[in-house]
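Chain residues, written in single-letter form:
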Amino acid sequence: MNQSNLYHNRFQYLLWALLVVALFHLIFSTEYFPIYHIDDTYYMKRAYTQWTEDFYTMKHMEYHPAPLRTSILHAILYGSATTIFDENIYAHRYVSLALSIVVLALIFQVFKRLSNTQTALATVIVFALTPNFLSAAHTARPDILVTILLWCGLWLQSRSDNQWAIFASATLAGMAVVVHPIGILAIIAMLTYRAFPLNYKQLQRDIRPIGTGFALAGIIFVIDNFPYLSYLLSAEYKAKTIDSHIQDCWICRLIIFFIPENRDMYHFIQLPLVLILLILVLGIDRIIGQKLDMASKKCLLIFLIISISMIVLGRINGFYFILLTPFLWFVIINRMLAWGRTGKMVYGFLGISFLTIWLVVFYRADYQFDNKQYIDDIKKISTPYMNKEMTVVGFPDHWFLFRDNKFYAYNGEGKHIGLQCNTLYLLRSKTGRSPFGRDSILKRHLSAHKVGQASWRGGEISEIYYRPSC
């Protein structure tokens, strides 16, 4: 074995080792991953209500403004898991975890066919360590469902030019819209992947299976949203949901896309860092005279078209970057590995840096927090006061502990707080100026008295107050 092959094999072993570490990190962090957004609870409440009551539920006004945000498929997957594993408040995260592992496998297969095993594996490892993927793999948001439908369709396309495969791919892309409106980006990615490089005869053959697939997905969309159709077409829906979710300022859209509103390390890694690396890699390629191969051109085109589509739609959300960053990472790593030994050394540094960032910056003391003990303490304190008529007011993520009771999140549904008797309040020990903060709530409910407390993350205390019947 010559030195070149030996070095190649060593790098391959390093990749497999990094993959094992990345998967271990993905699985181990399921119950420790920080909740960055209350959407995790919002989507889970919606799915659970649909599963336990009826799929077409609009009984709760909090669900009324945006019925398109979830689907029957989402309710079946997440609602059933939360019901079956009712003692595990992270059951929904394991659903997303399972879907995310399938997504990684599909991405590997697609990129392997575009390039080679080494590049595909290296891309999957880095993507598995990115914040947007980790977030989607640990929350009940439908982004991971949209992603798996997209990559399942691309995987079918990469395997065969058979008309049935193209039909299935189009149906899956259309189903992404059923899962969530942002699934329109999955359709755009699927069409771009199919159309490049241009082959007019092939496109003519593909019109029928693609059109039929979209038509089938459209029928499923109507069935999934049939009770809401009149509302979706109303001016009320446009005013409450569409207008409020679309940024009309074009310059603002561009600025938010490249420079997120929350300028912290988490958001910097989501997209700005990737764009900086792309510019650096393409700049080095130009200096050394390397040209883009067809696979890199294809993925770069998909990334550009999805990005432009996202800006045009006005939905610049870090959660949706999971749909476009895999293509960008592929271009970066594919070009990087084309530099030979130097590129592999740079990649090794990049992969290890991502692991270090997650271990040092994002998790810090979270691994030291005993979730089970905290949950047991909350339940033990609450049990003597709980009954079917009890109302619970608490942090959004505590809905999982009290989902069988009327539950209000004090930072999102504060308008209900002043109306409740026979209520249990879960409040942070720290004071705040918010009208729904601890001091404000207790001031309005002088009859509420403290019945216990439990230690929360970062040294915070969750205090529990009980207000008896009026």
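Residues numbered from 1 in each chain as written. Predicted model: local features only at pLDDT ≥ 70, side-chain atom pairs only at ≥ 80, totals over all residues. Heavy atoms only, no water.

A.B. asks: Can you lay out a nonpolar patch on the surface for me, pointing to particular residues and giving the numbers?
C.D. replies: Taken together, the side chains of Tyr56, Leu216, Ile219 and Ile223 define a hydrophobic patch exposed on the protein surface, amounting to about 360 Å² of accessible area. Tracing the chain through its elements places Leu216 in helix H10 (residues 200-225). With a relative accessible area of 34%, Leu216 lands in the partly exposed category. (Patch = residues over 30% accessible without salt bridge, like charges linked within 9 Å, V, L, I, M, F, W, Y side chains within 5 Å. Areas by Shrake-Rupley, 256 points an atom, 1.4 Å probe, with all protein chains shown as cover. Salt bridge = Lys/Arg side-chain N within 4 Å of Asp/Glu carboxyl O. Helix = DSSP H or I, 4+ residues; strand = E, 2+ residues; numbered from the N terminus. Buried < 20%, exposed > 50% of the residue type's maximum accessible area, 1.4 Å probe, protein only.)

A.B. asks: Tell me about the pattern of salt bridges, residues and numbers included.
C.D. replies: Counted under the stated rule, the structure contains seven salt bridges. Counted as one network, the salt bridges with shared partners bring together Asp39, Arg141 and Asp143.

A.B. asks: Give me the lowdown on the side chain of Ser71, citing residues and values where you can.
C.D. replies: Residue placement: Ser71 occurs in the loop between helix H2 (39-52) and helix H3 (72-84). Contacts of Ser71, omitting those with residues within four sequence positions, involve Gln50, Val178, Val179 and Asp224. (Contact = heavy atoms within 4.5 Å.)

A.B. asks: Explain the sheet that holds strand E2 (residues 406-409) to me, and be specific about the residues and the numbers.
C.D. replies: Spatially, E2-E1-E3-E5-E4 is the arrangement adopted by the five strands of the open sheet, whose pairing is mixed. Edge positions in the sheet fall to E2 and strand E4 (449-455), since each has one partner strand and no second. With direction set aside, neighbouring strand axes in the sheet form an average angle of 20°. As paired elements, E4 and strand E5 (residues 461-467) share six bridges and run antiparallel to each other. The partner of Ser455 across the bridge, within E5, is Ile461. Contacting strand E3 (423-428), E4 and E5, helix H19 (residues 371-382) runs over the sheet at an angle of about 165° to E4. (Pairing = 2+ DSSP bridges. Axes fitted to C-alpha atoms, helices over the stretch in contact; angles between N-to-C directions.)

A.B. asks: Got a sec to walk through the packing of helix H8 (residues 163-179) against H10? Specific residues and values, please.
C.D. replies: Interaxial distance between H8 and H10 falls to 7 Å at its minimum, and their mutual angle equals 35°. Regarding H8 and H10, the two cross each other, and that crossing is right-handed. Residues Gln163, Ile166, Phe167, Ala170, Thr171, Gly174, Met175, Val177 and Val178 of H8 form the contact with H10, whose own contacting residues are Arg205, Asp206, Pro209, Ile210, Thr212, Gly213, Phe214, Leu216, Ala217, Ile220, Phe221 and Asp224. By residue class, the composition of the contact of H8 with H10 is 13 nonpolar, five polar and three charged. (Left-handed = near helix turned anticlockwise from the far one by under 90°. Nonpolar A, V, L, I, M, F, W, Y, C, P; charged D, E, K, R; others polar.)

A.B. asks: Kindly report on the environment of Ala186, identifying the contributing residues and their values.
C.D. replies: Position of Ala186 relative to the elements: it lies in helix H9 (residues 184-195). Remark: the alpha-carbon pair of Ala186 and Leu154, spanning 32 residues in sequence, is separated by 9.7 Å. Beyond its immediate stretch of four places on either side in the chain, Ala186 contacts Val146, Leu150, Ala173 and Ala176.

A.B. asks: Hey, could you go over the environment of Cys299 for me, with residue numbers and the actual values?
C.D. replies: Mapped onto the secondary structure, Cys299 falls in helix H16 (residues 294-313). The class for Cys299 is buried, based on a relative accessible area of 1%. Every residue in contact with Cys299, bar those within four places of it in the chain, is listed here: Phe111, Leu114, Phe327, Phe330 and Val331.

A.B. asks: So, the packing of aromatic side chains: which residues are in play, and what are the values?
C.D. replies: Taken as a whole and judged by the stated rule, the model has twelve aromatic pairs. Considering the side-chain rings of Phe11 and Tyr347, the 6.0 Å spacing of their centres and the 75° angle between planes classify their relative orientation as edge-to-face. Within this pair, whereas Phe11 is found in helix H1 (residues 3-28), its partner Tyr347 is found in helix H18 (residues 341-363), the two being separated by 336 residues in sequence. Here the two residues Phe11 and Tyr347 agree in accessibility, since each one is buried. Relative to Tyr466, the ring of Tyr385 lies with its centre 4.9 Å away and its plane at 40°, an arrangement referred to as tilted. (Phe/Tyr/Trp six-rings, centres within 6.5 Å; stacked < 30°, edge-to-face > 60°.)

Don't take any of this as a statement about function, it's just geometry.
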